[in-house]
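These are the residues of each chain, in order.
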Amino acid sequence: MIKEVAIIIVSMVFVNNFVLSKFLGLCPFLGVSQKTSSAIGMGVAVTFVMTLTSAITWIVYNFILLPGDANIIAKVFPSIRELGLIEVLKTISYILVIATLVQLVEMMLRKTVPTLYESLGIYLPLITTNCCVLGVALLNTTDSPKHLGFLQATIQGFGAGIGFTVAMLLMSGIRERLALVNIPQPLRGVPIAFICTGLMALAFFGFSGMVQ
Amino acid sequence: MQSNNALLVSASPHIRDIESIPRIMWAVVLSLIPAGIAGVFTFGYYCLYIVFLSSITAVITEVFILLLRKQPIVSAAKDGSAVVTGILLAYTLPPSVPWYVPVVGSFFAIAIVKHTFGGLGNNIWNPALAARAFLQVAYPAVINSDWRVLTQHGMGKLVHNIAKVDAGGKLVDAVTRATPLAKEAGVETYHFSQLLIGNIPGCIGETSVIALLLGGAYLIYKRYINWYVPVYYIATVFIMVLILPPRIATPWANNPFYHIFAGGLFLGAFFMATDMVTTPLTKRGLVLFAVGTGVLTALIRFYSGYPEGVCYSILLMNTATPLIDRFTKPQLYGDRIKKV
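The following refers to the structure shown. (Residues numbered from 1 in each chain as written. Chains lettered and ligands numbered in written order. Predicted model: local features only at pLDDT ≥ 70, side-chain atom pairs only at ≥ 80, totals over all residues. Heavy atoms only, no water.)

Some details on the nonpolar core
What counts here: By nonpolar core we mean a set of buried residues, namely Ala, Val, Leu, Ile, Met, Phe, Trp, Tyr and Cys, connected to one another through side-chain atoms within 4.5 Å. Accessible area is worked out with a 1.4 Å probe on protein chains only. A residue is then buried under 20% of its type maximum, exposed over 50%, and partly exposed in between. Two residues form a contact once any of their heavy atoms are found within 4.5 Å.
In terms of nonpolar packing, the biggest core is built from 144 residues, with Ile127(A), Leu178(A), Leu199(A), Phe117(B), Trp125(B) and Tyr233(B) touching the most fellow members. With sequence-adjacent residues up to four places away left out, Trp125(B) is seen in contact with Ile174(A), Cys196(A), Leu199(A), Met200(A), Val113(B), Phe117(B), Ala130(B), Thr278(B), Leu315(B), Asn318(B) and Thr319(B).

Regarding the interface of chain A and chain B
Note the following rule: Buried area counts how much accessible surface, traced with a 1.4 Å probe, disappears from two parts once they are put together, with both parts' losses summed. Any carboxyl oxygen of Asp or Glu that lies within 4 Å of a side-chain nitrogen of Lys or Arg is treated as forming a salt bridge with it. Polar contact is defined as a pair of N or O atoms within 3.5 Å, subject to the rule that within protein one atom must be able to donate a hydrogen and the other to accept it, and that residues adjacent in sequence are counted only when both atoms are side-chain atoms.
Between chain A and chain B, the contact holds 28 residues from the first and 37 residues from the second. Carbon and sulfur atoms supply 70% of the area that chain A and chain B bury against each other, a total of about 2,600 Å² over both sides. Where chain A touches chain B, the interface holds 1 salt bridge. Salt-bridge contacts for Arg326(B) lead to Glu176(A); the nearest nitrogen and oxygen are separated by 2.7 Å. Counting across the interface, chain A meets chain B through 5 residue pairs in polar contact (both at pLDDT 80 or more).

Regarding the environment of Val63(B)
All names here are of chain B. As a reminder, the rule being used: Here a strand is any run of E in DSSP of at least two residues, a helix any run of H or I of at least four, and the numbering for each starts at the N terminus.
Assignment of secondary structure puts Val63 in helix H2 (residues 46-68). The partly exposed category is assigned to Val63, whose relative accessible area is 26%. For the pair Val63 and Tyr312, spaced 249 residues apart in sequence, the C-alpha separation works out to 28 Å. With near-sequence residues (within four places) excluded, Val63 lies in contact with Ile73 and Ala77.

Let's talk about the packing of aromatic side chains
As a reminder, the rule being used: Note on aromatic contacts: the rings of Phe and Tyr and the six-membered ring of Trp form a pair at centre separations within 6.5 Å, being stacked when their planes are under 30 degrees apart, edge-to-face when over 60 apart, and tilted otherwise. Counting as a charge over the ring demands two things of the Lys NZ or Arg CZ atom: a distance within 6 Å of the ring centre and an angle within 35 degrees of the ring normal.
Within the structure shown, the criterion is met by 14 aromatic pairs over all chains. When the centroid spacing of 6.3 Å and the interplanar angle of 80° are considered together, the rings of Trp58(A) and Phe63(A) count as edge-to-face. Put simply, the rings of Phe14(A), Phe204(A) and Phe207(A) pair up and form one aromatic cluster. For Lys283(B), the ring lying beneath its charged end belongs to Tyr228(B), and the centroid distance is 4.6 Å.

If you want it as structure tokens, here you go:
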């Protein structure tokens, strides 16, 4: 059990890092990584949203969408099984869940850590459309390699969030250092950040194959 | 990047010393020569051609980029840093690579990894290693599987003439990703004297431990590199190999001596993990860097899809270097620790 949890977390943080090996969630990754403090804040917010999203979307998928005995909608509208709307309904219902959670995080941050709320700015509501949150929800509920249990799905979401935070931290350290060096004019700002992301991904290739 | 200004004002103390970037860089080139000679003895003259091609491309790219950036060319191109990058890149390549591989790699190292960050002293990653990782992705067949084993060694024996051998007959680095070391039955094991002298398959500059030690000792004697980075690095790999449960079932899987002498550990420990630019500034940070690199090397060697972890582990710790610097910042004199 502990071994399985450890494997899932290592896999999501290092081997299948959402930012550096799946290239999801690049928008906040490049947008909020200028300063380490706001990078950590963003990482924690995304981790929180990802973990809860994984848990809730797993319930939504397994008890509402997935055809089978547990399907609640099918009890009311028996024809929904034949229509094959699962893939469509997945995206819509997941975004609804994510939007609700992000709203929750936003309210919490505004009341508790107003400075972080200010520094995250537009990127906080944008977690709603952050593709790594939707990505983790969709990947958790595709049964392609194997069907994940509730706990596995939640831990996978948590691990993906930690992986995002680690990538953010490393990137913010690099960008704080880059602020002091003489980068050629046309490459300053976002271009050098993209080059850094590419080279970081190159370094993260070393982990490939570590967890099957 | 100050220009040659007669009215240049700089902060004190004004200590004059003969040490300079060109002096250090050419000393590094000098210290790399023994490993190169060992490589040429083992793999033939073709290696010399690869090393030459790699360094000349590095210098040409350096001049070209400096022209584009409208910066003083002569001094920057003569300081030897591009030559060091070129030689180090060539040393990490298999001896039978086609000519375009070192050329592309050197260009990538200088143009992308070094000059997009502002040139010498500003890069985050070691240019030679980043280029090596890039080549591994760009030409996986050449770097991973297209290795040739040595039937005999001697001067003038072109590697091209030597027959290719399947994955079974190769050493640590010489295994394709698809067939990891674990599943290989009858992987040839080499004697320690062979590992020390270096007449084994491997990359051009990594096989001879003695030659690398010679160069490393010279650099430590000249105080251009610290002794503790290579020592901590190699010691960490040694300990990790002893304690980790291996996923590979070879006779040397848990033999620490085999692990530190085979592969590119000495080349990486003495010449790449000690790079002044891409490693932390303080001693505490450097020790942290070296231990982290050692742990990652052992982990990648044991569990990842790649047989060798030196390149990636150093790149990964390069990535973490700004953070290490941040958390090992020495306390200012008279600055009190804040009580939380």
